[in-house]
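Here is what each chain is made of, one letter per residue.
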Amino acid sequence: MAVLENIGYRALTEESACEYVKSLNLFLPDEKMTVEEIGDGNLNYVFRIASNRKSVIIKQALPYAKVVGESWPLTLKRAKLEAEVLKKHGEAVPHLVPAVLATDEELALTVMEDLSHLTIVREGLIQGNHYPKLSADIGEYLAKTLFLTSDFALHPFEKKKLVAKFSNPELCKITEDLVFTDPFFDVETNDFEAGLAESVQQLWANDKLKLEVAKIKYAFLTEAESLLHGDLHTGSIFASKYETKVIDPEFGFYGPIGFDVGQYIAHLIFQVLVRNENDRMVIRQQIEEVWDVFSYHFSEAWQNSVVHPFTKVPGALEYFLAKVFKDAIGVAGCELIRRTIGLSHVKDLDGIEDSSIRLDVKQATIQLGSSLIINRENIVTISQLLKELEVYTP
């Protein structure tokens, strides 16, 4: 894999992106290529460069968030960190992440495997598509990446080196604000429909809820358990019926394992809430499967661990999995609320055309999110979580 140096940052155009990949000798000198900017996110440009023979992706970090503009500057170092997370996670599950072909720290870009033969899972689920391998693959991805970067698999010196290497304060601050703080207070970044105003005011006045959110946020700030993806939602996953690939770990850092698990579950919950009764079952099964597969692979790795002596103590595995599950439930609750009334929404909800139905679903999302946060100590199995969903499903 190439690591190239350059004269300084500049935003690529379609023309310069094409010239850039030529300089890497990834294509033949006389090969005809097409290029298209295909990014639809807030933080990056994404170019697809293709010939009749092959194709690659260039992902270039922007120095600001597109959703806000240049008034919200962002570090360009996140591009290098994202590539490093992909490579580190690729050591554990190479079949579940895109291959990194080259990085350029000056231009804040990564050249990687093209996944355009797959579909972004969020778009596919909204269209009613089914991905039979999705949650089994994500359960494996979560268990293996999170276990193999934890104290249970690493010498303490190696673990602490990785914690320092993957320090990501700027993007962590975004999560700390947009997921764990702003939605629970009256701040300018919040964005919600007028029909939700009464529910939002009640949420802001709920000190019991805010105390529990403070506890969840404190864990996010202080528990460096494993190298997280940091933004694992259905928009960060490509899939087909036969293949799954996790992308976009630019929010990666060392944090609590339950954060990644909870974010993924939250975005499946959106689909439970928006689908009709006959179509909900397949998503409920996906929620159950991701936890079951995660638990299986994590437990298997735990039993085989030779690094941490406490992995052999009866009850230790059960205790730790219970902690991860509790953390995941709390994070899922925060994510449900954040994506409903905070700065960055999801198409699952906002794409509902009937305003009455949309408001009903959003009301349910706020109520369910609050319940998960407050009652996470009492929701100790995946079956209990699914029963909680039934209560709030419109």
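Residues numbered from 1 in each chain as written. Predicted model: local features only at pLDDT ≥ 70, side-chain atom pairs only at ≥ 80, totals over all residues. Heavy atoms only, no water.

(A) Spatial organisation of the overall build of the chain. Across its full length, the chain holds 14 helices and 13 strands. A globule of 394 residues ought to have a C-alpha radius of gyration of about 21 Å, and the chain, at 21 Å, matches this closely. Each principal axis of the C-alpha distribution contributes one length, and for the chain these read about 60 × 55 × 40 Å. For the chain, the residues scored as buried account for 56% of the 394 residues in total. Nonlocal contacts in the chain, meaning residues at least 24 apart in sequence, comprise 71% of its contacts between residues at least 6 apart. For the chain, the computed accessible surface area is about 17500 Å², with 52% contributed by carbon and sulfur atoms. Charged side chains in the chain number 40 positive and 58 negative. The centres of these two groups are separated by 4 Å. (Helix = DSSP H or I, 4+ residues; strand = E, 2+ residues; numbered from the N terminus. Rg over C-alpha atoms; globule rule 2.2 N^0.38 Å. Buried < 20%, exposed > 50% of the residue type's maximum accessible area, 1.4 Å probe, protein only. Contact = heavy atoms within 4.5 Å. Areas by Shrake-Rupley, 256 points an atom, 1.4 Å probe, with all protein chains shown as cover. Lys, Arg positive; Asp, Glu negative; His and termini not counted. Charge placed at Lys NZ, Arg CZ, Asp CG, Glu CD.)

(B) Inspection of the UniProt feature "binding site: ATP" (unreviewed entry) in the chain at higher detail. Annotation from UniProt places "binding site: ATP" (unreviewed entry) at Asn44, Lys59, Glu113, Asp114, Leu115, Asp248, Pro249 and Glu250. By the element assignment, Asn44 lies in strand S3 (residues 44-50). Within the structure, Asn44 has its side chain in polar contact with the side chain of Glu250 (distance 3.0 Å). Following the sequence through the fold, Glu113 ends up in strand S8 (residues 109-113). Contacts of Glu113, omitting those with residues within four sequence positions, involve Ile57, Val97, Pro98, Ala99, Leu101 and Lys245. (UniProt positions renumbered as here; feature names shortened; annotations may be inferred. Polar contact = N/O pair within 3.5 Å; in protein donor to acceptor, adjacent residues only side chain to side chain.)

(C) Just the side chain of Asn190, in detail. Here Asn190 lies in the loop between helix H6 (169-178) and helix H7 (197-204). You can call Asn190 buried: its relative accessible area is 12%. A polar contact of 2.9 Å, which involves the side chain of Asn190, links it to the backbone oxygen of Asp182. Excluding anything up to four places from it in sequence, Asn190 contacts Asp182, Pro183, Phe185, Trp204, Ile341 and Gly342.

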